[in-house]
Amino acid sequence: MPEPNETNIPCNTFAMVSEEDPRCGCGLKEVLTYEEESILAKMREIKEQVRPVAQKLKDVQAQMGRSAKIESAPEFAGVYAQIEELRREWQDWERKLEDAIERKLIMLGHRQPR
């Protein structure tokens, strides 16, 4: 490992350089906790569930044409309800992720507890 100097500061958790310092290339902002990783995995699962449902919604719309009454069709309503449920689930996990990030920043001393 090279000796630290003015332009080559060692980048580790004990370095006296902030993550905003351009000399720090360790990506401290990109470190995830286990909690954040599990939340992001769940969000990826939801995203995978949304893709086929969204495609089904498009197919239903295409089959029915540009009818003004498309929203009242039972098939459309069912698929739309699935999308809405996944959207609510996504928003819940998004809030959980924000809370997990906040807890991490508090533990690291970057923020004060509320």
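Our subject is the structure listed above.
Residues numbered from 1 in each chain as written. Predicted model: local features only at pLDDT ≥ 70, side-chain atom pairs only at ≥ 80, totals over all residues. Heavy atoms only, no water.

Draft legend 1. Representation of the environment of Pro113. Among the structural elements, Pro113 can be located in the segment after helix H2 (74-107). Overall, the relative accessible area of 54% leaves Pro113 in the exposed class. Sequence separation between Pro113 and Glu102 is 11 residues; the distance between their C-alpha atoms is 8.9 Å. (Helix = DSSP H or I, 4+ residues; strand = E, 2+ residues; numbered from the N terminus. Buried < 20%, exposed > 50% of the residue type's maximum accessible area, 1.4 Å probe, protein only.)

Draft legend 2. Focus on the nonpolar core. Ranked by size, the top nonpolar core spans 9 residues in total: Ile46, Val53, Leu57, Val60, Ala73, Phe76, Val79, Ile83 and Leu86. Counting only elements with at least two residues in this core, the list comes to helix H1 (34-64) and H2. Among all residues touching Leu57, those that are not within four sequence positions of it are Phe76, Val79, Tyr80 and Ile83. (Core = buried A, V, L, I, M, F, W, Y, C linked by side-chain atoms within 4.5 Å. Contact = heavy atoms within 4.5 Å.)

Draft legend 3. Local environment of the packing of aromatic side chains. Taken as a whole and assessed by the stated rule, the structure comprises 1 aromatic pair. Between Phe76 and Tyr80 the ring centres are 5.8 Å apart and the planes differ by 15°, which places this aromatic pair in the stacked class. With Phe76 and Tyr80 both in helix H2 and 4 residues apart, the pair spans about one turn of that helix. Lying over the aromatic face of Trp93, Lys96 brings its terminal NZ or CZ to 4.0 Å of the ring centre. (Phe/Tyr/Trp six-rings, centres within 6.5 Å; stacked < 30°, edge-to-face > 60°. Lys NZ or Arg CZ within 6 Å of the ring centre and 35° of its normal.)

Draft legend 4. Quick look at H1. Between its terminal C-alpha atoms H1 stretches 45 Å, which fits the 45 Å expected from 31 residues at 1.5 Å a residue. Here H1 has its buried residues at Glu36, Ile39, Met43, Ile46, Val53, Leu57 and Val60. Turning to H1, the residues buried within the fold contact H2. Residue Gly65 follows H1 closely and has a positive phi angle near 75°. (Expected span 1.5 Å × (residues − 1).)

Draft legend 5. Highlighting the packing of H1 against H2. For the pair H1 and H2, the least separation of the axes is 9 Å and the interaxial angle reads 160°. Taken together, H1 and H2 sit at an angle that is classed as roughly antiparallel. Like other packed secondary-structure pairs, H1 and H2 cross with a definite hand, here left-handed. Classifying every residue of the contact of H1 with H2 by side-chain character gives 19 nonpolar, 4 polar and 11 charged. (Axes fitted to C-alpha atoms, helices over the stretch in contact; angles between N-to-C directions. Parallel < 35°, antiparallel > 145°, perpendicular 65-115°, else oblique. Left-handed = near helix turned anticlockwise from the far one by under 90°. Nonpolar A, V, L, I, M, F, W, Y, C, P; charged D, E, K, R; others polar.)

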